[in-house]
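Spelled out from the first residue to the last, the chains are:
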Amino acid sequence: MADEEKAAAMVSYFTVTPTLVRGRPVYIQFSNHRELKTDNAPAQQTAAAQAALQAAQSFIPGGMGVGGLTVGVGGMAGMGATALIGAASPNPVPTQGQPNSVLRVIVENLIYPVTLDVLHQIFSKFGAVLRIVTFTKSGTFQALIQFADAASAAQAKTSLDGQNIYNACCTLRIDYSKLETLNVKYNNDKSRDYTRPELPAGDGQPSLEQAMGLVGNPGIMPTPFTPSSISSSVAAAAGVAGFAPSQLYGSVLTVPGGLTGSIPLAGTIPNLSAASAAARLAGLQQAGSVLLVSNLNTEMVTPDALFTLFGVYGDVHRVKILFAKKDNALIQMAEPHQANTAMQHLNNLRVWGKNIRVTLSKHNQVQLPKEGQPDAGLTKDFTSSPLHRFKKPGSKNFLNIYPPSDTLHLSNIPASTTEEELIDLFTSTGGAVQAFKFFAKDRKMALLKMSSTEEAVHSLIKMHNYQLSGSNHLKVSFSKGQIS
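Structural notes, computed from the coordinates. (Residues numbered from 1 in each chain as written. Predicted model: local features only at pLDDT ≥ 70, side-chain atom pairs only at ≥ 80, totals over all residues. Heavy atoms only, no water.)

Focus: unusual backbone geometry
- A positive phi angle, near 50°, is found at N109, a position not held by glycine.
- Within the fold, N109 resides in the loop between β3 (102-108) and α4 (116-123).
- Despite not being glycine, N348 has its phi angle at roughly 70°, a positive value.
- Within the secondary structure, N348 sits in the loop between α10 (336-346) and β14 (350-351). (Helix = DSSP H or I, 4+ residues; strand = E, 2+ residues; numbered from the N terminus.)

Structure (structure tokens):
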């Protein structure tokens, strides 16, 4: 390295940030050499170094040094054979997938930050946790967790694999690590040895926000939202009735009732999180909940139309069409995972003859116009709207979220409404109805196929919540099935 300070920073970083090369851990430590000599060595010395390296590699598959220490060929002149092989690691590397006391945990769909303390709180329910090391690899947050015994690790793996830490996000993928023990040198927010509280905190470690890539990301606040409770899936799997609330921007919020409920399947979206409810009670907005929608048709777009379309994928709180650039709009969703769901399904969708673009906004909330300030009806607050699809905890609507298609699912149809009336109603939206079918066991629901996905989008915007009778408002969503 250029100087000792940079070398120390490198050693310090990789001590608590395990790195794999071809599936093997790499260890970085100081060498006894003060410098590397790169003078032109005689050809016979270079050949001897090559032969020594090849001899070492012949005993270890993949050309890796003992204990996972990779040694290059260049600059080997004057170094002994022992330097080529390196010191054997005191911690043998077990076979991939072999049950042992160390688990490798990958956290997918990382909407909220997952701290070392949260992991300890969850996993310690299954046995004594000795050490935890967290790190980010290829943009994915991971952790190595060492239990006191293999039985506790096996129980934790069986119970928690596939569960969500927070509702609908932060999914745990767990397998056995290749390591049989963890060597922790620092107790900080990245690593901890619970058997050695005297360890120093270390210097130059990346913060949690830096490790998650939050710093410098305009779409996420520098201080991320901390959910106030663990999801019912992990709570139930860990046998926990309810987790104590965490701090929420410095205010401790108590969510009544604790956490109960069955363990949902991984990947499904359960009821709205207690964290969201607490945030709403406090009047706070979760970072990452605001979307920027561009390339809109300025002659057709309205706040109500965007509320209806984006409301298919989450509860829309506020909509603001930009006054100076009316083909752009900001949409504030109730929760970050709803914003992500809407973005995944609606980005590049053709609406009113144009392909809209949907991205996360740098704003954390949509500002309402000041009292008396002219707005021309471009901003609207839907926070208290009775038309939200997901306002009821445990709503079945969470399980029926599908991408836009040419086939619509209709529900809440009065018994007196006929097929012909519904076809005429949807034809009046400007599209052509290709097929229609009532549900055999429930005539309150039906499938209706338009001639294109774009026509179905227009029909949904116009017909959702259409009043069919005195007490029946039509519910329209995209269908996963087709009319056979």
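Points about the side chain of Q146
- Within the secondary structure, Q146 sits in strand β5 (residues 140-147).
- Of note is the side chain of Q146, whose polar atom sits 3.2 Å from the side chain of T181. (Polar contact = N/O pair within 3.5 Å; in protein donor to acceptor, adjacent residues only side chain to side chain.)

Concerning α10
- Burial analysis of α10 places eight of its eleven residues in the buried class, which makes it a mostly covered element.
- Of all the residues in α10, the buried ones are P336, H337, Q338, A339, T341, A342, M343 and L346.
- In this structure, the buried residues of α10 make contact with β11 (290-294), α9 (303-310), β13 (329-333) and β16 (357-360).
- The first or second residue beyond α10 is N348, which carries a positive phi of 70°. (Buried < 20%, exposed > 50% of the residue type's maximum accessible area, 1.4 Å probe, protein only. Contact = heavy atoms within 4.5 Å.)

As for the packing of aromatic side chains
- In total, this model carries three aromatic pairs according to the counting rule given.
- Seen from their ring centres, F123 and F147 are 6.5 Å apart, and the 55° between their planes marks the pair as tilted. Taken together, the residues F123 in helix α4 and F147 in strand β5 connect sequence positions 24 residues apart. In this structure, F123 and F147 share a single accessibility class: buried.
- Ring centres 5.0 Å apart and planes at 85° place the aromatic pair F436 and F438 in the edge-to-face group. Accessibility classification places F436 together with F438 in one group, the buried group.
- The side chain of K326 reaches across the aromatic face of F323, ending 4.4 Å from its centre.
- Above the plane of the ring of F438 lies R443, whose end atom (NZ or CZ) is 3.9 Å from the centre. (Phe/Tyr/Trp six-rings, centres within 6.5 Å; stacked < 30°, edge-to-face > 60°. Lys NZ or Arg CZ within 6 Å of the ring centre and 35° of its normal.)

Examining the pairing of β13
- Summarising burial for β13: five of the five residues are buried, a large majority.
- On β13, burial covers both faces: A329, I331 and M333 on one face and L330 and Q332 on the other are all buried.
- With four bridges connecting them, β11 and β13 associate as antiparallel partners. Considered in β13, the bridge of L291 is made with I331.
- Of the pairings in the sheet, the one linking strand β12 (residues 316-321) to β13 comprises five bridges and is antiparallel in character. Opposite I321, over in β13, you have A329 as the bridge partner. (Pairing = 2+ DSSP bridges.)

Looking at the packing of α9 against helix α12 (residues 453-463)
- Interhelical geometry of α9 versus α12 gives an angle of 110° and a closest axis separation of 9 Å. When the axes of α9 and α12 are compared, the pair comes out roughly perpendicular. At the point where α9 passes α12, the crossing takes the right-handed sense. Across the interface between the two elements, A305, T308 and L309 from α9 touch V457, L460 and I461 from α12.
- Classifying every residue of the contact of α9 with α12 gives five nonpolar, one polar and no charged. (Axes fitted to C-alpha atoms, helices over the stretch in contact; angles between N-to-C directions. Parallel < 35°, antiparallel > 145°, perpendicular 65-115°, else oblique. Left-handed = near helix turned anticlockwise from the far one by under 90°. Nonpolar A, V, L, I, M, F, W, Y, C, P; charged D, E, K, R; others polar.)

What to know about the sheet that holds strand β18 (residues 407-411)
- Taken in spatial order, the four strands line up as β19-β20-β18-β21 in an open sheet, and their pairing is antiparallel. Looking at strand neighbours, the two that pair on one side only are β19 (433-438) and β21 (475-478), the edges of this open sheet. On average, each strand axis in the sheet is inclined to that of its neighbour by 25°, with strand direction left out of account.
- Where β18 lies against β21, four bridges are found, and the strand directions are antiparallel. Looking across to β21, one finds that L408 is bridged to F478.

As for the side chain of Q142
- Note that Q142 resides in strand β5.
- Apart from the residues lying within four places of it in its own chain, the contact partners of Q142 are R104, V105, I106, V133, T134, F135 and K137.

A short note on a negative patch on the surface
- On the surface, a cluster of negative charge is made up of E419, E420, E421 and D424.
- Relative to the helices and strands, D424 resides in helix α11 (residues 419-427).
- Note on D424: relative accessible area 54%, which makes it exposed. (Patch = residues over 30% accessible without salt bridge, like charges linked within 9 Å, V, L, I, M, F, W, Y side chains within 5 Å. Areas by Shrake-Rupley, 256 points an atom, 1.4 Å probe, with all protein chains shown as cover. Salt bridge = Lys/Arg side-chain N within 4 Å of Asp/Glu carboxyl O. Lys, Arg positive; Asp, Glu negative; His and termini not counted. Charge placed at Lys NZ, Arg CZ, Asp CG, Glu CD.)

Examining the pattern of salt bridges
- Following the criterion strictly, the structure yields eleven salt bridges and no others.
- Where D193 meets R131, a salt bridge forms, and the shortest distance between an N and an O atom there is 3.0 Å. Note that D193 is positioned in strand β8 (residues 191-193) and R131 in strand β4 (residues 129-137), a separation of 62 residues in sequence. Comparing D193 with R131 shows no difference in burial state: the two are buried.
- Two residues, E454 and R350, come together in a salt bridge whose shortest N-O distance is 3.6 Å. One end of the pair, E454, is in helix α12; the other, R350, is in strand β14, with 104 residues separating them in the sequence.
- Taking relative accessible area as the criterion, R350 reaches 39% and is therefore assigned partly exposed.

Description of the nonpolar core
- Counting 51 residues, the largest nonpolar core has L306, F310, L408, L410 and F426 as the members making the most contacts within it.
- Apart from residues no more than four positions distant in its own chain, L410 is found in contact with F426, F436, K444, M445, A446, L448, L474, K475 and V476.
- Within the second largest apolar cluster, 29 residues are counted, among which are V118, I122, F147 and I165. (Core = buried A, V, L, I, M, F, W, Y, C linked by side-chain atoms within 4.5 Å.)

Points about the sheet that holds β11
- Read from one edge of the open sheet, five strands run β16-β11-β13-β12-β17, paired in antiparallel fashion. Edge strands, defined here as strands with exactly one partner in the open sheet, are β16 and β17 (379-381). Averaged over neighbouring strand pairs, the angle between their axes works out to 20° when direction is ignored.
- With respect to the sheet, α9 is in contact with β11, β12, β13, β16 and β17, its orientation differing from that of β12 by roughly 140°.
- Lying over the sheet, α10 contacts β11, β13 and β16, oriented at roughly 155° with respect to β16.

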